[in-house]
Amino acid sequence: MRFSIFYEHQLPRPWDDGAEERLYRDALEQVEIADRVGFDHVWAVEHHFLEEYSHSSAPEVFLAAASQRTRRIRLGHGIVQVPPPVNHPARVAERVAALDLVSGGRVDFGTGEASSMAELGGFGVPREEKRAMWQDAMDAITRMFVEEPFAGWDSPYLRMPPRNVIPKPVQKPHPPLWVACSRRETIHFAARNGIGALSFSFAEPEDAGVWVDEYYRLLNSEECVPAGFAVNPGVAVVLPMMCHEDEATAIERGIDGGHFFGFALAHYYGTSPHEPGRTSIWDDFVRHREERGYSRRIVGAADAPLAVRITEGGLGSLRGAVGTPAQVAELVRRYEAVGVDQVIFVLQAGPNRHEHVCESLELVGEQVIPRFAEGREERERARAERLAPAVEAALARKEPPRRQAPYLIDEAAELARARRPRATARDFRATARTAVRARGRRTMARLVAARSDDRLERRFGPAAQRVFFAGMVRAFDPRMAMGFEGELEFRLRRGEEETPWTIEIRDGRARVRPEPARRPVVSIRIGAADFLRLLTGEKQAPALALDGRLEIDGDIAFAPRVGEMFGGVSPY
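Residues numbered from 1 in each chain as written. Predicted model: local features only at pLDDT ≥ 70, side-chain atom pairs only at ≥ 80, totals over all residues. Heavy atoms only, no water.

(A) Spatial organisation of the overall build of the chain. Broken down by element type, the chain carries 20 helices and 18 strands. In terms of overall dimensions, the chain has C-alpha extents of about 90 × 55 × 45 Å along its principal axes. Across the 572 residues in the chain, those meeting the buried criterion constitute 53%. For the chain, restricting intrachain contacts to residue pairs at least 6 apart in sequence, the fraction spanning at least 24 positions comes to 74%. Of the roughly 25,800 Å² of accessible surface on the chain, 52% is carried by carbon and sulfur atoms. (Helix = DSSP H or I, 4+ residues; strand = E, 2+ residues; numbered from the N terminus. Buried < 20%, exposed > 50% of the residue type's maximum accessible area, 1.4 Å probe, protein only. Contact = heavy atoms within 4.5 Å. Areas by Shrake-Rupley, 256 points an atom, 1.4 Å probe, with all protein chains shown as cover.)

(B) Seen up close, the nonpolar core. The biggest cluster of nonpolar side chains holds 118 residues, and the ones touching the most others in it are Phe 3, Ile 5, Phe 39, Phe 109, Tyr 215, Tyr 335 and Phe 345. Not counting residues within four places of it along the chain, the set of residues in contact with Tyr 215 comprises Ile 187, Ala 190, Ala 191, Ile 195, Gly 196, Ala 197, Asn 232, Pro 233, Gly 234 and Val 235. With 31 residues, the next largest nonpolar core counts Met 472, Phe 490, Ile 526 and Met 565 among its residues. (Core = buried A, V, L, I, M, F, W, Y, C linked by side-chain atoms within 4.5 Å.)

(C) Highlighting the pairing of strand S2 (residues 41–44). Judged by which residues are buried, S2 turns out to be covered on both faces: His 41 and Trp 43 on one side and Val 42 and Ala 44 on the other are all buried. Sheet topology places strand S1 (residues 2–7) next to S2; 4 bridges connect them, and they run parallel. Within S2, the residue paired with Ser 4 across the bridge is His 41. Of the crossover connections in this fold, the one passing from S1 over helix H1 (residues 19–37) to the parallel S2 is right-handed. Sheet analysis places S2 next to strand S3 (residues 74–81), joined by 4 bridges and oriented parallel. Each bridged residue has a counterpart across the sheet, and for Ala 44 the counterpart in S3 is His 77. Between S2 and its parallel partner S3, the chain crosses via helix H2 (residues 59–67), and the hand of that crossover is right-handed. (Pairing = 2+ DSSP bridges. Right-handed = clockwise from strand over helix to strand, strands pointing away.)

(D) Inspection of the sheet that holds strand S14 (residues 486–494) at higher detail. On the basis of which strands lie adjacent, the open sheet formed by 5 strands has the order S16-S15-S14-S17-S18 and mixed pairing. Sheet topology places strand S16 (509–513) and strand S18 (550–554) at the edges, where each strand pairs with a single neighbour. Sheet twist, expressed as the average angle between the axes of neighbouring strands with direction ignored, equals 15°. Bridge count for S14 against strand S15 (residues 497–506) is 9 bridges, and the pairing is antiparallel. Each bridged residue has a counterpart across the sheet, and for Leu 488 the counterpart in S15 is Ile 503. On the sheet, helix H16 (residues 462–474) packs against S14, S15 and S16 and is oriented at approximately 20° with respect to S15. Contacts from helix H18 (residues 528–536) reach S14 and strand S17 (520–527) within the one sheet, and its direction differs from that of S17 by about 105°. (Axes fitted to C-alpha atoms, helices over the stretch in contact; angles between N-to-C directions.)

(E) Broad picture of the packing of aromatic side chains. Taken as a whole and judged by the stated rule, the model has 25 aromatic pairs. Relative to Tyr 294, the ring of Phe 263 has its centre 6.4 Å away and its plane inclined at 70°; by these criteria the two rings are edge-to-face. Highlighted residues: Phe 263 in helix H8 (residues 247–269) and Tyr 294 in the loop between helix H9 (281–288) and strand S10 (309–312), separated in sequence by 31 residues. Across the pair, Tyr 294 and Phe 263 agree in class, each one buried. With 5.2 Å between their ring centres and 40° between their planes, Trp 282 and Phe 285 make a pair best called tilted. You can see Trp 282 and its partner Phe 285 sitting in helix H9, 3 residues apart, about one turn around the helix. Judged by its relative accessible area of 1%, Phe 285 is buried. Looking at Arg 333, its charged tip hangs above the ring of Phe 372, at a distance of 4.0 Å from the centre. We note Lys 398 situated over the ring of Phe 229; from NZ or CZ to the ring centre the distance is 4.9 Å. (Phe/Tyr/Trp six-rings, centres within 6.5 Å; stacked < 30°, edge-to-face > 60°. Lys NZ or Arg CZ within 6 Å of the ring centre and 35° of its normal.)

(F) Just the packing of H8 against H9, in detail. H9 packs onto H8 with a crossing angle of 110° between their chain directions and a minimal axis gap of 10 Å. One element, H8, and the other, H9, form an angle in the roughly perpendicular class. When the axes of H8 and H9 are compared, the crossing they make is right-handed. Between H8 and H9, the contacting residues are Asp 256, His 259, Phe 260, Phe 263, Ala 264, His 267 and Tyr 268 on the first element and Ile 281, Trp 282, Asp 284, Phe 285 and His 288 on the second. (Parallel < 35°, antiparallel > 145°, perpendicular 65-115°, else oblique. Left-handed = near helix turned anticlockwise from the far one by under 90°.)

(G) The packing of H1 against H2, seen in detail. Closest axis-to-axis distance for the H1/H2 pair is 10 Å, and the angle between their directions is 45°. With respect to each other, H1 and H2 are oriented oblique. As H1 packs across H2, the resulting crossing turns out to be right-handed. Here H1 contributes Tyr 24, Ala 27, Leu 28 and Val 31 to the contact with H2, which in turn contributes Phe 62, Ala 65 and Ala 66. Here the contact of H1 with H2 is composed, by residue class, of 7 nonpolar, no polar and no charged. (Nonpolar A, V, L, I, M, F, W, Y, C, P; charged D, E, K, R; others polar.)

This is the structure:
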């Protein structure tokens with residue numbers, strides 16, 4: 001069991017001058033204490049526009065400041081919003097790596113999609129596309145950590161040319177990955193992606209145990225295909241917490257903060273109306289907490305085991321880890337018994353006072369954490385050994401880092417690609433042509449994949465080559481030529497025989513002739529079988545170039561444009 005603290009940087013109204021500055025200053029002092037008394041992680045969230053609930057829009061700044069005041073505590077992004085309209089993936093990779101450097105390799109990289117109306121609408125993220133954005137961005141970001149250079153990206157959500165994304169993180173291949181989870185389905189999602197699950201659902205230990213069993217079952221199955229280049233097994237649960245030797249004092253100090261946390265969460269993630277800069281969530285909380293399931297009067301000192309949620313007389317309420325050291329330890333022990341790996345305590349919440357948070361951290365560090373320390377490292381090593389075969393198998397299913405062929409930065413071409421309209425289904429004729437071509441490519445791909453190189457070379461003689469090059473010039477897109485005029489030369493090898501073809505571009509048109517170019521801008525030499533496999537997507541140009549099976553002479557900076565000019569995919 002590992003122990004952590006969590007920051008939303010909550011600030012209920014009314015606000016006075018300097019309130020946000022005090023909030024951050026106090027939080028950094030609390031993190032110093034947590035580091036000293038034995039907490040393992042501090043997690044900081046990223047939220048935008050969620051006034052009162054979360055004033056934590058730049059967690060990388062807060063965590064960087066915390067890194068310079070601490071020695072051993074790990075620094076968790078809990079979470080970074082990775083949809084590209086919120087954060088460009090390259091900026092995410094750069095910030096996480098920089099934080100890993102200044103902290104000496106102490107970063108945990110939690111990720112998420114965002115779900116509140118305020119954030120999705122504020123950044124223009126379609127709710128139905130945010131999961132696809134997460135998956136796409138995570139694949140790109142983790143490749144930025146390990147590829148030198150990053151081989152570029154071309155997806156519905158991100159276009160980026162090859163670049164060496166620097167700095168690289170201290171932890172290799174990258175910091176441990178986590179994802180925010182609020183439902184059973186997202187716990188499964190975390191397991192299938194081989195990453196840690198940060199559960200924000202205030203689950204009872206017994207419910208969490210069911211999730212843990214399902215998480216590790218999926219992690220050990222063939223369904224697990226890692227989102228990154230390392231697997232990070234783990235399930236963490238979040239709980240409100242305030243600890244004192246006297247139970248009634250713990251309740252008095254901490255229950256309103258825990259209740260406001262839950263109430264404000266429901267405000268932004270439900271359908272409550274909100275007027276920016278005007279709505280007071282605190283006032284709504286005071287008026288409506290009883291009817292919304294945050295009854296204050298049914299929470300009392302009973303010297304009994306703690307529960308996350310309690311009910312009495314038709315009223316419901318949230319309790320969590322608000323109690324004495326013995327009560328908190330007993331609750332944590334129940335989570336440990338069902339396999340939860342980490343408890344994350346929320347102390348800085350609602351109106352909770354800084355000095356009470358500090359006292360609670362000291363008390364937990366003195367009387368709770370030591371109860372779980374003995375044998376912890378040995379148990380974690382044993383778990384890692386048990387999971388090692390499943391982890392190895394999962395990583396074998398992950399597509400490895402890509403190798404980028406020589407590439408020169410070309411600002412004009414890269415800007416043209418970035419501005420190029422994406423294909424739509426509005427033009428029926430264009431869609432029909434696209435479908436026909438797609439069917440043709442699929443048919444061709446099946447034929448090519450089923451044949452050896454020798455057989456392909458025998459079939460792909462000059463007559464067949466003429467058909468292919470005629471198709472290329474028909475697909476020529478003058479917009480992607482960007483004013484280029486000149487000759488492109490292709491030399492296709494079949495055994496000892498080499499057949500030259502020249503495509504000449506003049507006056508916005510392309511023409512082909514079966515002869516060497518007189519003054520080629522680019523000359524491409526490739527085996528006929530490899531050329532076919534390149535056309536069908538079975539082979540990739542960077543890999544062929546690095547293997548010496550594709551030779552490019554002439555203007556190397558211009559070469560990546562060639563495929564796009566004839567209707568091909570982006571070179572990245």
